[in-house]
Structures are given as structure tokens and as C-alpha cells.
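Structural characterization, general
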Amino acid sequence: SLSSLFWGLLVALACMGLFVLLVKGWYKDAMFSIATWCELIVLFILLSFQCTMLIGSLKIMDNIDDFEYNAKSLIDQYIPEDELVTEEESQAVLHKLIETYPLLKYYVGSGVFKGFTASELPHEMASTLNSYLKWYVFRRLLWCLAFVVIAAFFTIRSLSKKSTVRPKRQQRYKRRTNRRLR
């Protein structure tokens, strides 16, 4: 969604600002070269993608109770409460939920839920989705960390140092005279 994109870009921008501050703080006499700026742009693009996906999954995790409630109402419409749900019926419920929550289509393609009664299925779907999204968030964070470490390596290698050679002062030599005072 657009809000996930907005917040993902904002988080990526904040991470980039912190990254630049840390590099400039650590290497005070360094200047960013053209290669460094290119690396920072690539890092921003990679972090933006990861942060957008991370924010989207956090939004879904925040609405997991609504997801469970809507799954229960969908299942109650079509399947008696004590009856076992078939794989096809659970797929149909999942596709209806993806229609209700369009953001889910980026995270859930399908799910096999068999052996559950109609009363157990909504909780099982919600808990399965929640545990999957926790793992998904963890992986996004690991990808972000890996990108930052790799970018730090290349950024530090591409930094150019400021010129530390100072212009020579013109030294004035005083003439020594051997005059004797009489």
C-alpha cells in the first residue's frame, strides 16, 4: 500500500542519514567520491525495498485479530462449525481474505490447512500467518543489516581523503649581521 511505501522510504532515509553520519563521524578527514555517492544510492534503493516490505508485514501483523475475525465470519457462512474443512475450502477462504486484505497477496500465495474443524481454522490461519510474518520480518532485518555491512565496506574503501598538505608559509629569514656595537 502507499502508506507502507511512504513509511518504508522514510525509514530507509533515516537509516541512510544515520549511515552517513556514522561514516563521517568515524572518518572525519574523508570526502565522499562519486563512487561513494553511487554506492549510497544503491544502498538507499535496496534499503527502501526491504523497509517497505518490512513495514507492510508489520501492518498485517498489527491487523491479525481482524484477519482472524473475518476468517471466522467467512467460514461460518459456508461451513458448519463441527465439520472438518477440506483443503479446497481453506484455499477458497484464504483467497476471499486476500480480496479483503489486498496487502496479503504480497506475503501469502497459498496455504494448506487440512484436518481442522471450522471453529479451529480461523485461529490456525491467523497464528500461522503471524508466525510466518515474524520470520519474514526477521529476514528483512537480516537483509538490511547485510546490505549496510557490505555498503560500509565498499563506502570506506571508496572514500577519498582531504588534502592534508598545507601550503608552505613563506619563511622570512632575518639577516644576521655581525656588527659590533661600539
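Here we summarise the structure given alongside this text. (Residues numbered from 1 in each chain as written. Predicted model: local features only at pLDDT ≥ 70, side-chain atom pairs only at ≥ 80, totals over all residues. Heavy atoms only, no water.)

In the structure shown here, the tally under the stated rule is six aromatic pairs. Pairing Tyr132 with Tyr136 gives two aromatic rings, centres 6.1 Å apart and planes at 35 degrees, and the pair type is tilted. Placement of both Tyr132 and Tyr136 in helix α5 (residues 121-158) is noted, with a separation of four residues, approximately one turn of the helix. Tyr132 sits in the partly exposed class, given a relative accessible area of 33%. Between Phe153 and Phe154 the ring centres are 5.2 Å apart and the planes differ by 75 degrees, which places this aromatic pair in the edge-to-face class. (Phe/Tyr/Trp six-rings, centres within 6.5 Å; stacked < 30°, edge-to-face > 60°. Helix = DSSP H or I, 4+ residues; strand = E, 2+ residues; numbered from the N terminus. Buried < 20%, exposed > 50% of the residue type's maximum accessible area, 1.4 Å probe, protein only.)

To continue, consider the side chain of Thr117. Take Thr117: it is sitting in the loop between α4 (87-100) and α5. On the basis of relative accessibility, which here comes to 18%, the residue Thr117 falls in the buried class. Ignoring anything within four residues of it in the chain, the contact list for Thr117 reads Glu81, Asp82, Glu83, Leu84 and Val85. (Contact = heavy atoms within 4.5 Å.)

Bringing the packing of helix α2 (residues 34-62) against α5 into the picture now. One can describe the packing of α2 onto α5 by two numbers: an axis separation of 9 Å at closest approach and a directional angle of 170 degrees. Regarding the angle of α2 to α5, the classification is roughly antiparallel. Tallied by class, residues from the contact of α2 with α5 come to 22 nonpolar, six polar and three charged. (Axes fitted to C-alpha atoms, helices over the stretch in contact; angles between N-to-C directions. Parallel < 35°, antiparallel > 145°, perpendicular 65-115°, else oblique. Nonpolar A, V, L, I, M, F, W, Y, C, P; charged D, E, K, R; others polar.)

By secondary structure assignment, the location of Phe19 is in helix α1 (residues 2-26). For the pair Phe19 and Ala152, spaced 133 residues apart in sequence, the C-alpha to C-alpha distance is 8.3 Å. When sequence neighbours within four positions are dropped, the list of residues in contact with Phe19 reads Leu40, Leu43, Val148, Ala151, Ala152 and Thr155.

This part covers the nonpolar core. Counting residues in hydrophobic clusters, the biggest one holds 25 residues, and the most contacted among them are Ile60, Phe67, Leu97, Leu104, Tyr107, Met125 and Leu129. Those elements that place two or more of their residues in this core are α2, α3 (64-78), α4 and α5. With six residues, the single largest contributor to this core is α5. What Leu104 contacts, discounting residues up to four positions off in sequence, is Ile60, Phe67, Leu97, Ile98 and Leu129. Counting 15 residues, the second-largest nonpolar core is a separate cluster that includes Ala12, Val23, Phe32 and Leu43. (Core = buried A, V, L, I, M, F, W, Y, C linked by side-chain atoms within 4.5 Å.)

It is worth spelling out the packing of α1 against α2 at this point. Between α1 and α2, the shortest axis-to-axis distance is 7 Å and the interhelical angle comes to 135 degrees. In terms of their interaxial angle, α1 and α2 are classed as oblique. Crossing handedness for the pair α1 and α2: right-handed. Partitioning the contact of α1 with α2 into residue classes produces 16 nonpolar, six polar and one charged. (Left-handed = near helix turned anticlockwise from the far one by under 90°.)

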